[in-house]
Amino acid sequence: MDLLPRRPGEFGSARYWDRFFRQRGQRPFEWYGAFPELCPVLHKYVRPRDKVLVVGCGNSELSEQIYDVGMCEDIVNIDISDAVIRQMQERSGSKRPKMSYLLMDMLQMDFPDAHFQVVLDKGTLDAILTDEEQATLAKVDKMFAEISRVLQVGGRYFCVSLAQAHVLKKAVEYFSQEGWVVRIHQVASSGDKQKFVLPVFVYVMTKFRKIPGSAPQILEICPEEQDKPMRMESAEQLVAAVKDRQHYALLCGQLSKTPCGEQVSLDLCDKESGRPRYTLHVVDSPSVKPSRDNHFAIFIIPQGRETEWLFGTEEGRRQLAASAGFGRLVTVALHREQRYEGMAGIQAELSGKVMELAPPGLPARQQVPFLSVGGDIGVRTVRHRDTSPLSGEYVVEDVKGDGTCYFRRLVFLRNRNVVQSEARLLAPTPLPGQKKRRKDKKKPSPAEPPAAIDKSYLCCEHHKAMVAGLCLLGGPDPLPALLAVLVVGLGGGSLPLFVHDYFSQAHVAVVEIDPSMLEVATCWFGFSQGDRMRVHISDGLDYVAKLAAEGTILRTQYDAIMFDVDSKDLTVGMSCPPPAFVEKPFLQKVKTILKPEGVFVLNLVCRDAQLKESVLATLREVFPLLYARRIEGEVNEILFCQPSPEGWQDPTELGARARALEAALRQPGRPWDSSYVLADMLQAVKIL
């Protein structure tokens, strides 16, 4: 039996609905939104003494259920279908004497003005507003005008809807322009995802007298998990908020039926600020054999560790899920702008939401474990926050690593999942939750001097590889008596500081385009200038071009040139360096200021395979000898370029030279990171 109309316009036809209800018979037809789901919203607003009008009532049981539970009894139901009105009059009859059913067109009602306190519409607007043709919109305007006419000031129009974008936009714009308060409620799901995946919304429009002039619009949304409404700035923002919830419901419906082939990522936002509070990744492991206890788990990533390979990359999370032994693992990253009340607080906050992401086949009443590293949520303390005209908003923060180690990090918030610079702290400052040595000791503030930085420790693996590249310098002595080094890109200053401190005869020139970074490095990362260390605030492109343009006699030449400079343009598939730094004319200028036996070290971070091949080809054209060192678990690749084809091409000789250089750098009384072995850094170097 085909009950669907031949064309959308038939939804507004009395003939279609007569045929529909005759063929369907006595069975109630509920488009969506059963009474148990709608009751909490209606109960907030509808009073027992209200006079209620239900437009397009059909043979829904909603009016009968409102009547039977005592919510309200003075209810008038109207519909354009004579067949359904007769059916409902027979069904209610003497059971509900105060409720009536009338044959009437809601576009032209017979009721006097301001006759009702409540108008209820369940799916009627969705049925009429099937398109945005002029005739359809005119019909909707007439419907809204009639609803407005029969409602008292202070009365409410309830519209139960699936909130298609054009339907919601039309309703919100019409009533907000009339000066009404518009509030959207998301209806709590019945839990039967097999039956209906799309979420149901109730528009609650409260009538106010229209104030002449431009009165502020009041637009709000109430997600199902909270009572307090969230204020929206515009109709567009309100429509977007509803759309986000629709996408989330569809995602949950999909995840509840089938395993996800690719990892799914989503943000859960703070109720008050609307900012992201949790970032979730859903990872399925097909290789894990399901049993009763390993279907599903939640993994809380300790604060400050979300950038680590295991937690911050797809491959890392896949490995984490497999090693944890669960068919589906949801990783949860915590945001630095938010406060958290420990693991128990997070578990209480997330328990209901994460269950919506449960895999198919999860046994009923299955307890889902919350996992973490060491059983806690880690420690993150923001020490400094500011905005640079060049680098944008950034933070300096202290985080707890494995064991008792603490690290200081510089993070650009435009790319918050990438640590720009990192240094290990020798003595961590007291952090929240730690005992103070003296009761009168004040809590450290960002204005105080930073804790001592461990300058002997290079946190970044690519920095270790870049320093190891100095083994490639020509000459018999692995530790040259004099060493001129140019570093483009300061960051926190760890790389130039290490070269300055361990190569005691090195003169280091650093070029940094952003003066804010010099201030950050000096105030927060223990960086300082001196006779052998100078920082030049300049664009690296201009600085190198100026040096290359000087005459042969006056030209400064360097033993080593290191590029560790990030790109501000996130649309390019190469985040380090900016594309202009690897164009052939500029690379030729780099070669001009490099000594014949010197080495040019480049930190390359490129996810675009085609672009990467182009960069390597250009480098080969300029530098006859090119080595590469991949950083395991990262996108970084360190390139060592030499202007002379006569280099250390024998791996055995290169390894011996690395060991000799390391022995020279390890001076008595000078700390050295025992895990940093120069020969190991160069072991994986290959000639391109």
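How each quantity is defined
Residues numbered from 1 in each chain as written. Predicted model: local features only at pLDDT ≥ 70, side-chain atom pairs only at ≥ 80, totals over all residues. Heavy atoms only, no water. Pairing = 2+ DSSP bridges. Helix = DSSP H or I, 4+ residues; strand = E, 2+ residues; numbered from the N terminus. Axes fitted to C-alpha atoms, helices over the stretch in contact; angles between N-to-C directions. Contact = heavy atoms within 4.5 Å. Parallel < 35°, antiparallel > 145°, perpendicular 65-115°, else oblique. Left-handed = near helix turned anticlockwise from the far one by under 90°. Nonpolar A, V, L, I, M, F, W, Y, C, P; charged D, E, K, R; others polar. Buried < 20%, exposed > 50% of the residue type's maximum accessible area, 1.4 Å probe, protein only. Phe/Tyr/Trp six-rings, centres within 6.5 Å; stacked < 30°, edge-to-face > 60°. Lys NZ or Arg CZ within 6 Å of the ring centre and 35° of its normal. Salt bridge = Lys/Arg side-chain N within 4 Å of Asp/Glu carboxyl O.

K.L.:
Account for the sheet that holds strand 12 (residues 296-300), naming residues and giving values.
P.N.:
What the five strands build is an open sheet, ordered 10-11-13-12-14; its pairing is mixed. Each edge of the open sheet carries a strand with a single partner, namely strand 10 (264-269) and strand 14 (370-372). The sheet shows a mean angle of 25° between the axes of neighbouring strands, taken without regard to direction. Relative to strand 13 (residues 328-334), strand 11 (residues 276-284) runs antiparallel, the two being bridged by seven bridges. The residue of strand 13 that forms the bridge with Val283 is Leu329. Strands strand 10, strand 11 and strand 13 of the sheet are contacted by helix 8 (residues 235-255), whose axis makes an angle of about 135° with strand 10. Those strands touched by helix 11 (residues 342-354) are strand 10, strand 11, strand 12, strand 13 and strand 14, and its axis lies near 130° from that of strand 14.

K.L.:
I'd like a description of the packing of helix 15 (residues 540-549) against helix 16 (residues 584-592), backed by residues and values.
P.N.:
It is the contact of helix 15 with helix 16, at a shortest axis distance of 9 Å, that shows an interaxial angle of 55°. As the angle between them shows, helix 15 and helix 16 are arranged oblique. When the axes of helix 15 and helix 16 are compared, the crossing they make is left-handed. Taken together, the residues of helix 16 that come into contact with helix 15 (itself represented by Gly540, Leu541, Val544, Ala545 and Ala548) are Phe586, Lys589, Val590 and Thr592. Partitioning the contact of helix 15 with helix 16 into residue classes produces six nonpolar, two polar and one charged.

K.L.:
Can you break down the pairing of strand 11 residue by residue, with the values?
P.N.:
Burial of strand 11 is extensive: eight of the nine residues sit out of reach of the surface. Bridge analysis of strand 10 against strand 11 gives six bridges, and the strand direction is antiparallel. From the neighbouring strand, Asp267 faces strand 11, where its bridge partner is Thr279. Counting the residues between successive antiparallel strands, the hairpin from strand 10 to strand 11 contains six residues, one of them, Gly274, with a positive phi of roughly 80°.

K.L.:
Which residues make up the environment of His335, and what are the values?
P.N.:
With respect to the element layout, His335 can be found in the loop between strand 13 and helix 11. Exposure remark for His335: the relative accessible area of 11% places this residue in the buried category. Distance from His335 to Tyr278, taken between C-alpha atoms, is 6.3 Å for residues 57 residues apart in sequence. In this structure His335 touches Asp267, Pro276, Arg277, Tyr278, Thr279, Tyr340, Arg380 and Arg416, once residues within four positions along its chain are discounted.

K.L.:
Describe the packing of aromatic side chains, with residues and values.
P.N.:
One pass over the full model with this rule turns up 21 aromatic pairs. Note on Phe563 and Phe581: the rings are 5.5 Å apart at their centroids and 85° apart in plane angle, and the pair reads as edge-to-face. Within this pair, whereas Phe563 is found in strand 22 (residues 558-563), its partner Phe581 is found in the loop between strand 23 (574-576) and helix 16, the two being separated by 18 residues in sequence. Judged on exposure class, the residue Phe563 and its partner Phe581 are both buried. Aromatic ring contacts, followed pair by pair, group Phe144, Tyr157, Tyr174, Phe175 and Trp180 into a single cluster. One residue, Arg424, lies across the ring of Tyr457, its end atom 3.8 Å from the ring centre.

K.L.:
Would you mind going over the pattern of salt bridges in detail, with residue names and values included?
P.N.:
Taken as a whole and assessed by the stated rule, the structure comprises 36 salt bridges. For Glu393, the salt bridge identified is with Arg385, shortest N-O distance 2.9 Å. Given the relative accessible area of 34%, Arg385 is considered partly exposed. Among the ionic contacts, a cluster of salt bridges with common partners joins Glu64, Asp68, Arg91 and Arg96.

K.L.:
Now, about unusual backbone geometry: what can you tell me, with residues and values included?
P.N.:
In most cases, non-glycine residues show a negative phi, while peptide bonds are predominantly trans. Residues Cys576 and Pro577 are joined by a peptide bond in cis, for which omega reads -5°. Although it is not a glycine, Ala114 sits at a positive phi angle of roughly 50°. Positionally, Ala114 belongs in the loop between strand 3 (99-103) and strand 4 (116-122).

K.L.:
Give a description of the sheet that holds strand 18 (residues 421-424) that names residues and reports values.
P.N.:
Strand order in the open sheet formed by four strands is 15-16-17-18, and the pairing between neighbours is antiparallel. Each edge of the open sheet is held by one strand with a lone partner, namely strand 15 (380-388) and strand 18. Going across the sheet, the axis of each strand differs from the next one's by a mean of 15°, ignoring polarity. Note: strand 15 against strand 16 (residues 392-400), eight bridges, orientation antiparallel. Counterpart to Arg380 in the pairing with strand 16 is Val399.

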